[in-house]
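Coordinates in review
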Amino acid sequence: MNTCVFTSTTVRGDSHLPSAFFHFVPTTVSQRIAITGAGIVSPLGLGWQQNEQALAAGRAAFRAVDFFDTDGLIAKTAGIVDLPQGKLFHSVSPHKQDFIDRGTRMLLLAVREALTQAGRTDMSGIDAFVIGTSAGAMPLGESYFEHARQQPARVPSQLSRAEHYQSQRQMNCIADEFGWRGPVIIVSNACASGANAIGWAADMIRSGRCKRVLAGGYDALARLVFAGFDSLRALAPSGIPRPFDAQRDGLALGEGAGVMLLEAENVRRSDALGDVTGYATATDLHHLTQPDPEGKAAIRTMTTACAQAGLSPRQIGYINSHGTGTTFNDGAEAAAIAAWAGDAVKHIPVSSTKSAMGHLLGGAGAVEAVICLMALHGQWLPASLNVREVDPAVKFDLVQKFRSASLDHALTNSFGFGGTNATLILQRRAA
Amino acid sequence: MNFDGIHIRGVGAVSAAGWSAGELLQAVCAGTPLPAVSCPRPGDQRPWPCSTRPVPPLPPEKAARHPRLRRASAITRYSVAAALEALADAGHDTATPPPGLGILFVMMNGCVNYTGRFYHEVLQNPAQASPLIFPETVFNAPASHIASYLGIGGVVSTLVGSPNTIMEALDTAAFWIHSGVVDECLLIAAEECDWLSAEALTYYHPKLIASEGAGALLLSSQPQGPRIRDVTGPLCYTSWDERASLLPDLAAQTMTKLDAAATLIDDRCGVARIDRAETSAWAPNDWSAIRSPKTVIGESMGASAALQLVLGTLEARETKHPVVVSMPGTNTAAYACVIAL
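Just so we're clear, the structure is a prediction, and the values are computed from it rather than from any experiment.

1. Overview of the overall build of chain A
Regarding its fold elements, chain A presents 13 helices and 16 strands. Relative to the compact-globule value of 22 Å for 431 residues, chain A shows a C-alpha radius of gyration of 20 Å, a close match. C-alpha atoms of chain A, sized along the principal axes, occupy 65 × 50 × 40 Å. When burial is assessed residue by residue, chain A has 65% of its 431 residues classed as buried.

Following this line, the structure appears as structure tokens:
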């Protein structure tokens, strides 16, 4: 049992910065937040097992995008999820089925896996559903736009498009699928959304407002977003993301969903897969899309999350980095990790699983948190693929091949447009 | 939801009524619908009527200056103005915002003008789609700009959902204050209108008129200003029928918490079919006054519940009586709260 109880002065007193530079919850409750179920859908596969096998094999999952037009764009490939054929939602009306977004379908699969792992068949007893997404049901918005441009007359189906473009309506489909009613909170902090959602949920439990929260993140590929990253020249022309490679040329987009069922320690003492022990978020004011080159906000979130978990950098057995493969991100993150870890940096294994599945945007933080949980559970480290020559800024142990390891604590970073930085720390439960 | 010891220390608003909370209150109390203007489709004719009640032009003296705001969206400009008004209303110097400030932002549709413009460019010629516009389409761009303007490097988060999602944001803001994460928290809910969202509303009912704006509340543990004394909800639903069945409970539970004559600020839009359940739920009660802001300023979507709360705060300050704010929502949950000194 983690008995570290921090008071507000522990962090605030150690710093010359005002309290709002940190997200730190100095509650009097020292409980761990148990993870009793997790679900993952990624371009590497559907579910924990397929993803673990793909990571162990060092497989990447990029292929040509074929469900929207990429003519005129530099990038043509992405990490794409192969959704199963057939009806996924069984309790939603046939009319609504037509307006359930691809991302929502991925999320449903991840929710189902998380509930099954937790020994549940539905969402009863869950106090809240906290989900991060960056684009939501963007393809429906695109379709609404295109119909409106092409058809001057009123088109009845436009109402359904307008309604189901709203993320909360998409989440209603999941609620209906399980006959569940409860508050749905949708966090949209760009690429940190999924991590923020899990942190938000953990805070809801820590504060005593909830006992059990389903949390995670998702995003599906959308034409507007793909073209947007392409316009920024952020996508790798080669189609191959090489996080922390000296000659990296950009990121690859992906899609997917990750979900965790979080429970108060006093509710669920056994059977947990792991714990959320630290969470911090902060805002990088440097630029709307570019990180501060020194990664100052990332240093703050890693420092604060570790303080909440009662850990020093040396105790972190693995970092799943944000590691997009862009020049700006990887340089800033490498600098931040080096500054935060100090002398311990060379001992800390770091990789970016975006090298295998792409950048899942609002889903990234949640999927990567689930990968950390899988790594803690299986005692292995996933690799950063495609690295030819390690960037000299890298001072940490860049994991370039899947390997076994002994680790108790894993940290995952998520950084987003708008300067949102988030760090989550997970802890292994001993078998 | 626990709002013990939490006060609404300052409020700000931008709406079709103008660039201040005072103008909003005045217009809503007058009760006269603001004039609507036709909302044209770019490039072609729309064979059915569609109007909006837009925010009037920004008075030059209220224009905030910052590099980030040069090309910022309308939603950002509304939000900055409302946030600065809320800070000033609380007695803060807006040039040097207080340390320990957090931001929670709520929206429904988001940065629709830039999103529509960028997607249009993508359809025309993706190779020439503007890299300057795309980042402004992201949901959390307005919150990021406000954080940059105010120099807030701490907790800044954006929620997307129904207008009354602001109640979940308030809940979290109160928790952040109680637990010392922040000293004070700005809650901002905003929306901007474009021809697509205006048109979408007409699919719900031809008489619905889209509007836009921002409402801001500064939450603080400083004992200054009204409190959110009681909250009913969330009463969760996924269908309109379920919503209708829950509203009598929403009203009944709220009324048990009232001990004095109160003003009701409701969510009604003036279309009987849409308003029926809410009208029926609150009807058995006597009110000092009933305000229906949407009938005056239009449907400001993601900003609407925040504007109700701003009005409720101003009414509570002026009348010294409790104010009930009814936020039945549109597709996820119903809330009501009592604001009182």
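2. Describing the overall build of chain B
Within chain B one finds 10 helices and 13 strands. Taking 2.2 N^0.38 as the reference for a compact globule, 341 residues should give roughly 20 Å; the C-alpha atoms of chain B span a radius of gyration of 19 Å, in line with that estimate. Expressed as lengths along the three principal axes of its C-alpha atoms, the size of chain B is roughly 60 × 50 × 35 Å. Counting all 341 residues of chain B, 64% fall into the buried class.

3. Observations concerning helix α9 (residues 223–231) of chain A
Counting buried positions over the 9 residues of α9 of chain A gives 9, a clear majority of the element. Every buried residue of α9 of chain A is accounted for by Arg223, Leu224, Val225, Phe226, Ala227, Gly228, Phe229, Asp230 and Ser231 of chain A. Lining the buried residues of α9 of chain A we find α5 (138–150) of chain A together with α3 (112–124) of chain B. Following α9 of chain A by one or two positions, Arg233 of chain A adopts a phi angle in the positive range, close to 60 degrees.

4. Description of the interface of chain B and chain A
Counting residues at the interface gives 61 residues for chain B and 63 residues for chain A. In terms of residue class, the side of chain B that touches chain A is built from 34 nonpolar, 22 polar and 5 charged. Across 2 bridges, the pairing between strand β6 (residues 184–187) of chain A and strand β5 (residues 156–160) of chain B is antiparallel. Bridge pairing in β5 of chain B links Ile186 of chain A to Val160 of chain B.

5. Here we look at the environment of Tyr237 of chain B
Secondary-structure assignment places Tyr237 of chain B in the loop between β9 (227–236) and α7 (240–255). When the 22 C-beta atoms within 10 Å are taken as the criterion, Tyr237 of chain B is described as buried. In contact with Tyr237 of chain B, other than residues within four places in its own chain, are Arg181 of chain A together with Glu242, Arg243, Leu246 and Ala333 of chain B.

6. Notes on unusual backbone geometry
Here the residue pair Gly233 of chain B and Pro234 of chain B is connected by a cis peptide bond, since its omega of 5 degrees sits within 30 degrees of zero. Topologically, Pro234 of chain B is positioned in strand β9. Phi is positive for Asn386 of chain A, which is not a glycine, with a value near 70 degrees. Among the structural elements, Asn386 of chain A can be located in the loop between β12 (380–381) and β13 (397–398).

7. Structural notes on the sheet that holds strand β2 (residues 37–38) of chain B
All names here are of chain B. An order of β2-β3-β7 is seen for the 3 strands of this open sheet, with the pairing classed as mixed. Bordering the open sheet on either side are β2 and β7 (210–211), each of which pairs with just one other strand. Of the strand pairs in this sheet, β2 and strand β3 (residues 51–53) are connected by 2 bridges, and their pairing is antiparallel. Bridge pairing in β3 links Ser38 to Ser51.

8. Describing the confidence of the model for chain A
All names here are of chain A. Looking at chain A, the pLDDT average stands at 91 and 92% of residues meet or exceed 70. Taken together, the stretch residues 1–22 has pLDDT below 50 and engages in 46 contacts with residues farther than four places along the chain or on a different chain. Within the model, pLDDT remains below 50 along residues 26–30, and this stretch shows 16 contacts once partners closer than five positions in the same chain are excluded.

9. Here's the deal with the nonpolar core
Counting 280 residues, the largest nonpolar core has Leu262 of chain A together with Leu187 of chain B as the members making the most contacts within it. Among the elements that line this core, the one with the most residues is helix α13 (residues 364–378) of chain A, at 11 residues. Aside from chain neighbours lying at most four places away, what touches Leu187 of chain B is Leu104, Ile166, Ala169, Leu170, Ala173, Ala216, Leu217 and Leu219 of chain B.

10. A short note on the packing of helix α1 (residues 21–30) of chain B against helix α10 (residues 304–319) of chain B
Residues and elements named next belong to chain B. Viewed as axis vectors pointing N to C, α1 and α10 meet at an angle of 85 degrees, and their least axial separation amounts to 10 Å. As summarised for this structure, α1 and α10 are arranged roughly perpendicular, according to the angle between their axes. Listed contacts from α10 to Ala21, Leu24, Leu25 and Val28 of α1 are Leu307, Val310, Leu311 and Leu314. Here the residues of the contact of α1 with α10 are counted per class, giving 8 nonpolar, no polar and no charged.

11. With respect to the environment of Leu83 of chain A
Position of Leu83 of chain A relative to the elements: it lies in the loop between β4 (77–79) and α3 (94–97). When residues no more than four places from it in sequence are discounted, the contact partners of Leu83 of chain A are Arg105 and Met106 of chain A.

12. Observations regarding the environment of Lys207 of chain B
Residue placement: Lys207 of chain B occurs in the loop between α6 (195–204) and β7. Taking the C-alpha atoms as reference, Lys207 of chain B lies 8.6 Å from Cys50 of chain B; in sequence the two are 157 residues apart.

13. A closer look at the confidence of the model for chain B
Averaged over every residue, the pLDDT of chain B is 96; residues scoring 70 or more account for 100%. Listed scores for the predicted complex are pTM 0.95 and ipTM 0.97.

14. Here's the deal with helix α11 (residues 327–341) of chain A
Residues and elements named next belong to chain A. Under the 1.5 Å per step criterion, the end-to-end length of α11 is 21 Å for 15 residues, consistent within 8% with the ideal 21 Å. Buried within α11 are the following residues: Asn329, Asp330, Ala332, Glu333, Ala334, Ala335, Ala336, Ile337, Trp340 and Ala341. One or two steps after α11, the chain reaches Gly342, where phi turns positive at roughly 60 degrees.

15. As for the packing of α9 of chain A against α3 of chain B
The axes of two packed helices give the description: the angle between them and the distance between them. Where α9 of chain A contacts α3 of chain B, the two axes come as close as 10 Å, and the packing angle between them is 80 degrees. Judged on the interaxial angle alone, α3 of chain B and α9 of chain A are roughly perpendicular. The residues of α3 of chain B that touch α9 of chain A, namely those facing Arg223, Leu224, Ala227 and Gly228 of chain A, are Phe118, Tyr119 and Val122 of chain B. A breakdown of the residues in the contact of α9 of chain A with α3 of chain B according to their chemical character gives 5 nonpolar, 1 polar and 1 charged.

16. Here's the deal with the pairing of strand β15 (residues 409–415) of chain A
Residues and elements named next belong to chain A. Extensive coverage of β15 is indicated by the burial of 7 of its 7 residues. Side-chain alternation along β15 places His409, Leu411, Asn413 and Phe415 on one buried face and Ala410, Thr412 and Ser414 on a second face that is also buried. By the bridge criterion, 3 bridges tie strand β10 (residues 318–320) to β15 in an arrangement that is parallel. In the strand pairing of β15, Tyr318 is matched with Ala410. Two elements, β15 and strand β16 (residues 420–428), share 7 bridges in a ladder whose sense is antiparallel. Opposite Ala410, over in β16, you have Leu426 as the bridge partner. The hairpin formed by β15 and β16 contains 4 residues between the paired strands, and Gly418 there has a positive phi angle of roughly 85 degrees.

Cut-off values and rules
Residues numbered from 1 in each chain as written. Chains lettered and ligands numbered in written order. Predicted model: local features only at pLDDT ≥ 70, side-chain atom pairs only at ≥ 80, totals over all residues. Helix = DSSP H or I, 4+ residues; strand = E, 2+ residues; numbered from the N terminus. Rg over C-alpha atoms; globule rule 2.2 N^0.38 Å. Buried ≥ 20, exposed ≤ 12 C-beta atoms within 10 Å, placed from the backbone. Contact = placed C-beta atoms within 7 Å. Nonpolar A, V, L, I, M, F, W, Y, C, P; charged D, E, K, R; others polar. Pairing = 2+ DSSP bridges. pLDDT = per-residue confidence, 0-100. Core = buried A, V, L, I, M, F, W, Y, C linked by C-beta atoms within 7 Å. Axes fitted to C-alpha atoms, helices over the stretch in contact; angles between N-to-C directions. Parallel < 35°, antiparallel > 145°, perpendicular 65-115°, else oblique. Expected span 1.5 Å × (residues − 1).

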